[in-house]
Amino acid sequence: MSKLVVSLSPHAHGRDSVERNMYGVMIALLPALLVSFIFFGIGSAIVCLTSVAACVFFEWAINKYILRNKRNTILDGSAALTGILLGMNMPSNLPVWIIIIGALFAIGVGKMTFGGLGQNIFNPALVGRCALLVAFPAQMTSWPLPGQWLKYTDAVTGATPLAVMQDAIRSGNFHKLDQLPDAFSLLLGEHSIGGGAGAIGEICGLALIAGMVFMLWKKIITWHIPISIIGTVFVFSTIMHLINPIYANPTTVILSGGLLLGAIFMATDYVTSPMTPKGQLIYGVCIGLLTIIIRNWGAYPEGMSFAILIMNAFTPLINNYVKPKRFGEEVKK
């Protein structure tokens, strides 16, 4: 005779789980990781592997010795995914000790301080990246030229497309934009010719777009956040380019820097982004607008990380503002 189990609703079951989604995002990141290894060689491998190992270790150590949590959370994939994303936001010549400090900030400050997975306010990988930008600005803005497969900390560096764009704006000389690669080269990752390519995960737009298609197909993410960010950047950069040619054309703006990496893999983080489609659209539009403002008029050429962290702080307000009406609830005038 089978045992009757009585439990409260809801009784609907699904295949979704933390592990499934985390490992699904990792699979989506594989094309970009593979391309980064091809372009940057041993440096990319050292940075990413060190970042993942350090993030997993710090989550285990903090859970065991500080939070005294008996549940093992390192197998759910969240710490490893944070490590991959943190590594992909770093230059491929970053020393190991700096990577470990970044991982400590990402896991210790960005995640475990708030209680662990599902309770953090800010994206942990971006917390680690921005902490390193403040603490080690020279090392974090030194971008190696791709093709130096066996070189690590001694790799030759160069200016990125974003640095060229900022130089054109500050000098008021639109002819400096002639140094930029064409959109097709940026899409394939060939913008390395004559300059640095940026962070490890920024090298190939096509690989990042392939990851987005995979996640949309598997329903890991929805289109609202990435498309609203990219669409907002396209609209505003088009307007600015038409008004003044010192601003780069919209396609180049979208394919340069960490915009695609941030829009597809960072801003879509479940915990730190709004829950409703309307809220996600508001969130995405604000991130796109802030990115354009910081890139064009800020001190730092890239604004994607800061824009996402700023909007992470506004996520609870957005959720409250666009909270859906409960069935049968009477709206107060």
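Thresholds applied
- Sequence order as written defines residue numbering, which begins from 1 separately in each chain.
- In keeping with the model being predicted, local features are shown solely for residues with a pLDDT of at least 70 and side-chain atom pairs are shown and tallied solely at 80 or more, while totals for entire chains, interfaces and linings include all residues.
- Only hydrogens and water are removed before side-chain values are computed, so all heavy atoms of the structure are retained for them.
- Each helix is a run of H or I in the DSSP string that is no shorter than four residues. Each strand is a run of E no shorter than two, and both are numbered from the N terminus.
- Computation of the radius of gyration draws on C-alpha atoms, with the globule rule given as 2.2 Å multiplied by the number of residues to the power 0.38.
- Relative accessibility under 20% of the residue-type maximum defines a buried residue, over 50% an exposed one, and the middle range a partly exposed one, all with a 1.4 Å probe and only protein chains included.
- We call two residues contacting when some pair of their heavy atoms lies within 4.5 Å.
- Surface exposure here means Shrake-Rupley accessible area, sampled with a 1.4 Å probe, where a residue is shielded only by the protein chains that are shown.
- This count recognises Lys and Arg as positive and Asp and Glu as negative, with His and chain-terminal groups excluded.
- Every charge is mapped onto a representative atom, which is NZ of Lys, CZ of Arg, CG of Asp or CD of Glu.
- Between 30 and 60 degrees the pair is tilted, below 30 it is stacked and above 60 it is edge-to-face, where a pair is any two Phe, Tyr or Trp rings, Trp via its six-membered ring, whose centres lie within 6.5 Å.
- Each ring is checked for a lysine NZ or an arginine CZ that lies within 6 Å of its centre and within 35 degrees of its normal; such an atom marks a charge sitting over the ring.

A look at the overall build of the protein
Link 1 in the chain: In terms of helices and strands, the protein carries 14 helices and zero strands.
Link 2 in the chain: Reading the protein from its N end, one meets helices and strands in the order α-α-α-α-α-α-α-α-α-α-α-α-α-α.
Link 3 in the chain: The C-alpha radius of gyration computed for the protein amounts to 21 Å, which stays within 12% of the reference 20 Å derived for 333 residues, consistent with globular compactness.
Link 4 in the chain: C-alpha extents for the protein along the principal axes are approximately 80 × 55 × 35 Å.
Link 5 in the chain: Taking all 333 residues of the protein together, the buried fraction comes to 53%.
Link 6 in the chain: A separation of at least 24 residues holds for 75% of the contacts in the protein among residues at least 6 apart in sequence.
Link 7 in the chain: In the form shown here, the protein has an accessible surface area of approximately 16600 Å², with 68% of it arising from carbon and sulfur atoms.
Link 8 in the chain: Charge separation in the protein, taken as the distance between the mean sites of 21 positive and 14 negative side-chain charges, equals 13 Å.

A word on the packing of aromatic side chains
Here the distance between the centres and the angle between the planes together describe a pair of aromatic rings.
Link 1 in the chain: Applying the stated rule across the entire model yields seven aromatic pairs.
Link 2 in the chain: Ring centres of Phe57 and Trp60 lie 6.0 Å apart, and the angle between their planes is 40 degrees; this geometry places the pair in the tilted category. Here Phe57 and its partner Trp60 are both found in helix α2 (residues 42–66), three residues apart, which amounts to about one turn of the helix.
Link 3 in the chain: Relative accessible area serves as the criterion here: at 34%, Trp60 is assigned to the partly exposed category.
Link 4 in the chain: Taking the centre distance of 5.7 Å and the plane angle of 90 degrees together, the rings of Trp60 and Tyr65 count as edge-to-face.
Link 5 in the chain: Looking at Tyr65, the relative accessible area reads 48%, which means it is partly exposed.
Link 6 in the chain: In this structure an aromatic cluster arises from ring pairing among Phe57, Phe58, Trp60 and Tyr65.
Link 7 in the chain: The ring of Tyr65 carries the charged tip of Lys64 above its face, separated from the ring centre by 5.7 Å.
Link 8 in the chain: Lying over the aromatic face of Trp217, Lys218 brings its terminal NZ or CZ to 4.5 Å of the ring centre.

Thoughts on helix α3 (residues 78–88)
Each α-helix turn comprises 3.6 residues. Residues three or four places apart therefore point the same way.
Link 1 in the chain: Of all 11 residues in α3, 11 are buried, a share of seventy percent or more.
Link 2 in the chain: Of the surrounding secondary structure, the elements contacted by the buried residues of α3 are α1 (18–40), α2, α4 (96–109), α5 (124–135) and α12 (259–266).

Looking at the side chain of Thr291
Link 1 in the chain: The topology assignment puts Thr291 in helix α13 (residues 277–297).
Link 2 in the chain: Excluding its chain neighbours within four sequence positions, the residues that come into contact with Thr291 are Leu259, Glu302, Gly303, Met304 and Ala307.

So, unusual backbone geometry
Link 1 in the chain: The phi dihedral of Lys219 falls on the positive side, at around 60 degrees, and the residue is not glycine.
Link 2 in the chain: When you line up the elements, Lys219 lands in the loop between α9 (205–217) and α10 (224–243).
Link 3 in the chain: Taking the relative accessible area as the measure of exposure, Lys219 reaches 70% and is therefore exposed.

Spatial relationships are all this shows, so hold off on functional conclusions.
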